[in-house]
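# Coordinate analysis (summary)
Here is what each chain is made of, one letter per residue.
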Amino acid sequence: MRNEMTLEFLSVSENESLARVAVAAFISQLNPTMEELTDIKTVVSEAVTNAIIHGYEENPHQKVMLSCAIDGEQIEIIIKDEGKGISNIEEAKEPLFTSKPEWERSGMGFTIMENFMDKVDVTSEPDIGTTIRMMKQLTSTRALCN
Amino acid sequence: MSLRVEFVTKENVLVVRLEGELDHHETSKLRESWRDQLHQNDVDHVVVNLEKLNFMDSSGLGVMLGRYKEVQASGNEMIICSISPEVRRLFDLSGMFKIMRLVGSESYALELLGVASCEMK
Ligand SMILES: Nc1ncnc2c1ncn2[C@@H]1O[C@H](COP(=O)(O)OP(=O)(O)O)[C@@H](O)[C@H]1O
Ligand SMILES: [Mg+2]
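Residues numbered from 1 in each chain as written. Chains lettered and ligands numbered in written order. Predicted model: local features only at pLDDT ≥ 70, side-chain atom pairs only at ≥ 80, totals over all residues. Heavy atoms only, no water.

### Examining the pairing of strand β5 (residues 129–137) of chain A
All names here are of chain A. Across 8 bridges, strand β3 (residues 74–81) lies against β5 in antiparallel orientation. Directly across from D81, in β5, lies its bridge partner T130. Bridge analysis of strand β4 (residues 119–125) against β5 gives 7 bridges, and the strand direction is antiparallel. By the bridge assignment, E125 is partnered in β5 with G129. Linking β4 to β5, which pair antiparallel, is a turn of 3 residues; within it D127 sits at a positive phi near 65°. (Pairing = 2+ DSSP bridges. Helix = DSSP H or I, 4+ residues; strand = E, 2+ residues; numbered from the N terminus.)

The structure is reproduced here in structure tokens:
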């Protein structure tokens, strides 16, 4: 079965939990394991937080766009901002790299996204914005069918 | 589903019990109150009890690392205890336990830090 949802919200940190709870509720129709659900919530939290603090530099009047699609057991999550953009994507993805060490950032966001998901695509352009597209195939439901 | 924080002082140890979800939204408040506790009370070491914390992301890791560095800079210890499987995945992936010590229970962590008895909860 195919299903899809989109959510648009202001770039305020209160919405970080909204975003991950909404995605978790949406994918629960696929009966994910606890671990899969935690992974998905974590990566949504990472990408949305990045949009708010790095993309929009905590300007609370901007918008973050989130969409989630499921197709069979395949999950696709897209998180988009129209903020500052990333000039060097390879550097940004490196474990422990952060452009905001003074804010006690750990620099582990991209590393977590890449480890918890099957695929992470980053599209970004300075002053245009950043789009993160993440894919994950659930294994639990497939195991049940066999 | 926000974060609840409980601070308890046992001799020279500050126990920080976290419950709920720790994300970027919760970090500034947590950081401030944690720092206040470290400065107000005459404590040396820290035990962080994560038994009831069911969600953390990399913003939470940043706060943990920040406090760890402060405690370590003054020559003291910070021990993590009773971590849930959900949060443990994040700690394992980030290599946190290569630098911070993890133990099974709060009472054992306190014992390691030389707190005599902890019958009183
Ligand atoms: N949406 C975004 N817009 C602009 N820059 C970003 C965005 N997401 C990530 N970045 C950049 O990539 C770096 C690494 O991100 P991440 O791995 O999540 O670490 P952290 O958030 O701890 O800095 C950030 O410090 C920032 O410079
Ligand atoms: Mg990040």
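### Thoughts on the pairing of strand β3 (residues 45–56) of chain B
Residues and elements named next belong to chain B. With 9 of its 12 residues buried, β3 lies for the most part within the structure. Pairing geometry for strand β2 (residues 13–22) and β3, over 9 bridges, is parallel. Paired with L22 across the bridge in β3 is M56. Read as a crossover between parallel neighbours, the route from β2 over helix α1 (residues 24–40) to β3 is right-handed. (Buried < 20%, exposed > 50% of the residue type's maximum accessible area, 1.4 Å probe, protein only. Right-handed = clockwise from strand over helix to strand, strands pointing away.)

### Regarding the site of ligand 1
Residues and elements named next belong to chain A. With respect to spatial proximity, 18 residues lie near ligand 1, and among them N50, H54, T98, S99 and G107 are the closest. Residue G55 places a main-chain N or O atom 3.3 Å away from a nitrogen atom belonging to ligand 1. One nitrogen or oxygen atom from the main chain of G107 is found 2.8 Å from an oxygen atom belonging to ligand 1. Protein contact buries 96% of the 540 Å² of open area that ligand 1 shows by itself. Put simply, the parts of the chain that give the shell around ligand 1 at least two residues each are α2 (34–55) and α4 (109–116). Here the shell around ligand 1 gets 4 residues from one element, more than from any other, and that element is α2. Here the shell around ligand 1 is built from residues that sort into 6 nonpolar, 10 polar and 2 charged. (Near = heavy atom within 4 Å. Polar contact = N/O pair within 3.5 Å; in protein donor to acceptor, adjacent residues only side chain to side chain. Areas by Shrake-Rupley, 256 points an atom, 1.4 Å probe, with all protein chains shown as cover. Nonpolar A, V, L, I, M, F, W, Y, C, P; charged D, E, K, R; others polar.)

### A short note on the nonpolar core
Core analysis: the biggest nonpolar cluster contains 64 residues, and B:L50 and B:M64 have the highest contact counts within it. In terms of residue count, the dominant contributor to this core is α2(A) (8 residues). In contact with B:L50, not counting residues within four places along its chain, are B:L18, B:M56, B:M64, B:I80, B:C81, B:S82, B:I83, B:S84, B:V87 and B:F91. (Core = buried A, V, L, I, M, F, W, Y, C linked by side-chain atoms within 4.5 Å. Contact = heavy atoms within 4.5 Å.)

### Some words on the side chain of A:K136
Residue and element names in this part refer to chain A. When you line up the elements, K136 lands in strand β5. Given the relative accessible area of 9%, K136 is considered buried. Reaching out from K136, the side chain makes a polar contact with the backbone oxygen of F116 at a distance of 2.7 Å. Filtering out sequence-adjacent residues up to four positions away, K136 remains in contact with E36, D39, I40, E73, Q74, I75, F116, M117 and D118.

### Some details on the interface of chain A and chain B
When the parts come together, some accessible area is lost, and that loss is often what is quoted as the size of the interface. Counting from both sides, the interface comprises 26 residues of chain A and, opposite them, 22 residues of chain B. Summing both sides of the interface, chain A and chain B together bury roughly 2,000 Å²; the carbon and sulfur share of this comes to 51%. Contact with chain B buries surface across chain A, with A:R20, A:E104 and A:S106 losing the most and accounting together for 28% of the total. At the boundary of chain A with chain B, the tally comes to 8 salt bridges. One salt bridge connects B:R89 with A:D39, and the closest N-O pair in it is separated by 2.6 Å. One can count 13 residue pairs in polar contact (both at pLDDT 80 or more) joining chain A with chain B. Of all the secondary structure elements, the ones that give two or more residues to the side of chain A that touches chain B are α1 (15–27), α2 and α4 of chain A. Tallying contributions element by element places α2(A) first for the side of chain A that touches chain B, with 10 residues. For the side of chain A that touches chain B, the class distribution of residues is 6 nonpolar, 10 polar and 10 charged. (Buried area = accessible area lost by both parts, 1.4 Å probe. Salt bridge = Lys/Arg side-chain N within 4 Å of Asp/Glu carboxyl O.)

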